[in-house]
Amino acid sequence: MTLRAYYRKECTEAGCDEAGRGCLAGPVVAAAVILDPVWNHRWLQDSKQLTARQREVVAEEIRSGAVAWAVAECSPEEIDRLNILQASLLAMHRAIEGLGMSPELLLIDGNGFRPYLGLPHVCVVGGDAKFRSIAAASILAKTVRDEKMVTWH
């Protein structure tokens, strides 16, 4: 399946996804990515479909080729205090804030989101397998979380 470059061609979109929501330990990590609609990589897809090495290669390409990107997290203590859903949403908000620019539309992987500063958003179930920007966010979130967990180990 070919990933779509955008949801609405006429605006700047940021894709958002998280990693670690179903895990028993560690932080939940979220990423937000704004891609140029022409940017692509042959391995760009849902992070769960790639090997660890492929994710690392594509993550580096995303970091160098994205218009903007940011990664943020919520600690295990925040997860315990807020619950995993609220911590995931907070991590996404932190990642969006870290972009350094304001997108006109947020593409959120999943079925729910807490609005961020009034920016319009679209929730897309399985979005990491449908949109390039969400897939890119999926890869960044997963590689950062995996690296952190290996370091902690």
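Summary of the structure given here. (Residues numbered from 1 in each chain as written. Predicted model: local features only at pLDDT ≥ 70, side-chain atom pairs only at ≥ 80, totals over all residues. Heavy atoms only, no water.)

1. Quick word on the sheet that holds strand S5 (residues 121–124)
Within a beta sheet, neighbouring strands are joined by backbone hydrogen bonds and run either parallel or antiparallel to one another.
Logical step 1: If you trace the five strands from one edge of the open sheet to the other, you get S3-S2-S1-S4-S5, paired in mixed fashion. Each edge of the open sheet carries a strand with a single partner, namely strand S3 (68–74) and S5. For this sheet, the mean angle separating the axes of adjacent strands, direction not counted, is 20°.
Logical step 2: Pairing of strand S1 (residues 13–19) with strand S4 (residues 105–109), which is carried by four bridges, proceeds in the parallel orientation. Bridging from a neighbouring strand, Glu13 pairs with Leu105 of S4. (Pairing = 2+ DSSP bridges. Helix = DSSP H or I, 4+ residues; strand = E, 2+ residues; numbered from the N terminus. Axes fitted to C-alpha atoms, helices over the stretch in contact; angles between N-to-C directions.)

2. Digging into the pattern of salt bridges
Logical step 1: Under the criterion given, the structure shown has eight salt bridges.
Logical step 2: The salt bridge involving Arg94 is made with Glu78; its shortest N-O contact spans 2.7 Å. Taken together, the residues span a long stretch of sequence, with Arg94 in helix H3 (residues 84–97) and Glu78 in helix H2 (residues 76–82) at a distance of 16 residues.
Logical step 3: For Glu78, a relative accessible area of 14% gives the class buried.
Logical step 4: Residues joined in a network through salt bridges with shared partners are Arg55, Lys142 and Asp146. (Salt bridge = Lys/Arg side-chain N within 4 Å of Asp/Glu carboxyl O. Buried < 20%, exposed > 50% of the residue type's maximum accessible area, 1.4 Å probe, protein only.)

3. Some details on the environment of Ser47
Logical step 1: With respect to the element layout, Ser47 can be found in the loop between strand S2 (28–34) and helix H1 (52–65).
Logical step 2: On the basis of relative accessibility, which here comes to 4%, the residue Ser47 falls in the buried class.
Logical step 3: Separated by 87 residues in sequence, Ser47 and Ile134 place their C-alpha atoms 9.9 Å apart.
Logical step 4: Every residue in contact with Ser47, bar those within four places of it in the chain, is listed here: Arg55, Ser138, Ile139 and Lys142. (Contact = heavy atoms within 4.5 Å.)

4. Concerning H3
Logical step 1: An ideal rise of 1.5 Å per residue puts 20 Å on 14 residues; H3 measures up with 20 Å between its terminal C-alpha atoms.
Logical step 2: Check the buried side of H3 and you find it contacts S1, S2, S3, H2 and S4.
Logical step 3: Here H3 starts with a cap whose side-chain oxygen sits 3.0 Å from the backbone nitrogen of Leu85, and that cap is Asn83. (Expected span 1.5 Å × (residues − 1). Polar contact = N/O pair within 3.5 Å; in protein donor to acceptor, adjacent residues only side chain to side chain.)

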